Amino acid sequence: MTPFFQQLPKAELHLHIEGTLEPDFLLEKAKKHHIPLPFHSIEEIQNAYNFSNLQSFLNIYYQGMAVLKDEDDFSELAWRYFQKAHMQGVLHAEIFFDPQAHIERGISIATVMDGLCRAVERAKKELQLSIFLIPCFLRHLSEDSALDTFSQCLKFKKMITGFGLDSSEVGNPPSKFQKVFTQAKLQGFRITAHAGEEGPPSFIEDALNLLQAERIDHGVRCLEDEKITKRLVRKKIPLTVCPLSNLKLRVVNKLQEHPLRKMLDCGIIASINSDDPAYFGGYIADNFEACSIALNLTKNEAILAARNSFIGSFLDANSKAAYLQKLELYCSKNPG
Ligand code: ADE
Ligand code: ZN
C-alpha cells in the first residue's frame, strides 16, 4: 500500500459494521456460540464470497452476522474495525448498522448499542477517532417494522446521529419509507439513504424528495440522468461512493469503468468508502489505492475525494474546518 494513501487524512462515511466481519472472526464467534456454518476454513469462506449481484451478497451477509450474539461480540467487531480504520488514515467515521437484522434473531437493541458504544468510547480515548452511529432500516422489510425499530432506537437517541436505508434496492423504492423518515427528521436526526446502487436514478430523486435525505449512499447511477446530476452538483449533495463494492457486486464490470472520476470531474461531492470491506477485498485506503491505479486518479483527485469525505460528513462546521486544515497540512508536507 502506498503510504500516501494510507496516511491521507480522511473520513469514512459508508461502512456497515456487520460488513467488517472477517472470516477468522466469523469462525471464532461460530465456535464460541456453537453455531454450525456451511464453511470450515478461512479459504472456504473466501471462496464463497463470489457475488453475482447485491442480493447474492446480502444472503451471505445476513447469514454471517448470525454469529454476533452478545455485547462483547458487537464491541470486539467494532473495535477491530476502528483499529483498521485508524491504521488507514481515518480520523472520523460514520458507521451504519442494521438493528432489524439483530432484533429479528432475538438480539435486543440494547445488546447491539451497548456493545458498539463500548468500542466507540475506547476508540475515542485510545485512537482519538471521532465516530457517529447511524442505524439503517432494511428496505426489504415493511415500514411498520422500520417504525417499530425507530421507536426502539429512541431510547438511545443521544448516541445516534442519523438514520439510513439499506438492503435490497430493486423493488423497494424510497416511497415505502416516507413515514418513518418524516418522523426521524422531526426528531432532529440526520438522514442518508442508499439509492442508485442497483436501483434507477429516479430512486436518488425520491430519496431526496420523499425521505429528505441530505446525502446519498452509492448514487453511482446518477450520471445516467443529467437532471439529477445537475441537482446533486447545484445543491451540493454528497455521494458516498464505494468502488470495490461496486466491482464485487457487479454494478460495474471493471474498476476501469467506474464513474468515480467523472463524478469528481463534474463537481459532485463524491467520497471514497469501503461499504463491507471484509466481503469486498479492501478497507478505505485499499479503495483509494485501487482507484488510483484503475482510474489513473491523480494525487489531487485523491485529495479531492478525501476533502469531500469531511465536507460530506455530518460533523458541525467547526469540526469540518479543523479536519480540512489537517488534510491540507498533510498535503503540504507530502507534495506530489
Ligand atoms: N447492506 C450492506 N451493504 C449494502 C449495500 N452495498 N447495499 C445495500 N445494502 C447493504
Ligand atoms: Zn452500503
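Keep in mind it's a predicted model, so treat the numbers as computed, not measured.

1. Description of the coordination of the zinc ion (ligand 2)
So, point 1. On the protein side, the zinc ion (ligand 2) has His-14 (NE2), His-16 (NE2), His-194 (NE2) and Asp-275 (OD) as donor atoms, found 2.1 to 2.3 Å from it.
So, point 2. The sequence pattern formed by the donor residues of the zinc ion (ligand 2) is H-x1-H-x177-H-x80-D. Of this pair, His-16 sits in strand β1 (residues 10-16) while Asp-275 is found in the loop between β8 (270-272) and α14 (277-280), placing the two residues 259 residues apart along the sequence.
So, point 3. Take Asp-275: its relative accessible area is 2%, and that puts it in the buried class.

2. With respect to the sheet that holds strand β3 (residues 130-138)
Two pairing modes exist for strands in a sheet, parallel and antiparallel, and in both the strands are linked by backbone hydrogen bonds.
So, point 1. Spatially, the 8 strands line up as an open sheet ordered β1-β2-β3-β4-β5-β6-β7-β8, and their pairing is parallel. This sheet does not close on itself; its edge strands, each paired only once, are β1 and β8. Neighbour-to-neighbour, the strand axes of this sheet turn through a mean angle of 25 degrees, independent of strand direction.
So, point 2. Alignment of strand β6 (residues 215-218) against strand β7 (residues 239-241), held across 2 bridges, turns out to be parallel. Among the inter-strand pairings, Asp-217 is bridged to a residue of β7, identified as Thr-240.

3. Considering the site of ligand 1
So, point 1. Near ligand 1 you find His-16, Leu-54, Phe-57, Leu-58, Tyr-61, Asp-166, Ser-167, His-194, Glu-197, His-218, Asp-275 and Asp-276, and these make up its full shell.
So, point 2. One of the side-chain nitrogen or oxygen atoms of His-16 is found 3.4 Å away from a nitrogen atom of ligand 1.
So, point 3. Contacts to ligand 1 include Asp-275, whose side-chain N or O atom sits 2.7 Å from a nitrogen atom.
So, point 4. Taking 260 Å² as the accessible area of ligand 1 by itself, protein coverage stands at 100%.
So, point 5. Broken down by element, the residue count for the shell around ligand 1 peaks at 4 residues, all from helix α4 (residues 54-64).

4. A word on empty space enclosed by the protein
So, point 1. Summed over all chains, the structure comprises 2 cavities of 30 Å³ or more.
So, point 2. Taken as a whole, the largest cavity holds about 100 Å³ of empty space.
So, point 3. The wall of the largest cavity is formed by 15 residues, among which His-16, Leu-54, Leu-58, Ser-167 and His-194 lie closest to the centre.
So, point 4. Of all the elements, α4 adds the most residues to the lining of the largest cavity, at 5 residues.
So, point 5. Partitioning the lining of the largest cavity into residue classes produces 6 nonpolar, 4 polar and 5 charged.
So, point 6. The computed volume of the second largest cavity comes to approximately 40 Å³.
So, point 7. Lining the second largest cavity are Leu-26, Phe-39, Tyr-49, Ile-60, Gln-63, Gly-64 and Tyr-279.
So, point 8. The dominant element in the lining of the second largest cavity, judged by the number of residues it contributes, is α4, at 3 residues.

The rules we used
Residues numbered from 1 in each chain as written. Chains lettered and ligands numbered in written order. Predicted model: local features only at pLDDT ≥ 70, side-chain atom pairs only at ≥ 80, totals over all residues. Heavy atoms only, no water. Donors = N, O, S within 2.8 Å, 3.2 Å for Na, K, Ca; no water. Helix = DSSP H or I, 4+ residues; strand = E, 2+ residues; numbered from the N terminus. Buried < 20%, exposed > 50% of the residue type's maximum accessible area, 1.4 Å probe, protein only. Pairing = 2+ DSSP bridges. Axes fitted to C-alpha atoms, helices over the stretch in contact; angles between N-to-C directions. Near = heavy atom within 4 Å. Polar contact = N/O pair within 3.5 Å; in protein donor to acceptor, adjacent residues only side chain to side chain. Areas by Shrake-Rupley, 256 points an atom, 1.4 Å probe, with all protein chains shown as cover. 1 Å grid on protein atoms, 1.4 Å probe; cavity = no way out; pocket = protein on both sides within 12 Å on 5 of 7 lines; lining within 4 Å. Points joined across faces, edges and corners; volume = space filled by probe spheres on them. Nonpolar A, V, L, I, M, F, W, Y, C, P; charged D, E, K, R; others polar.

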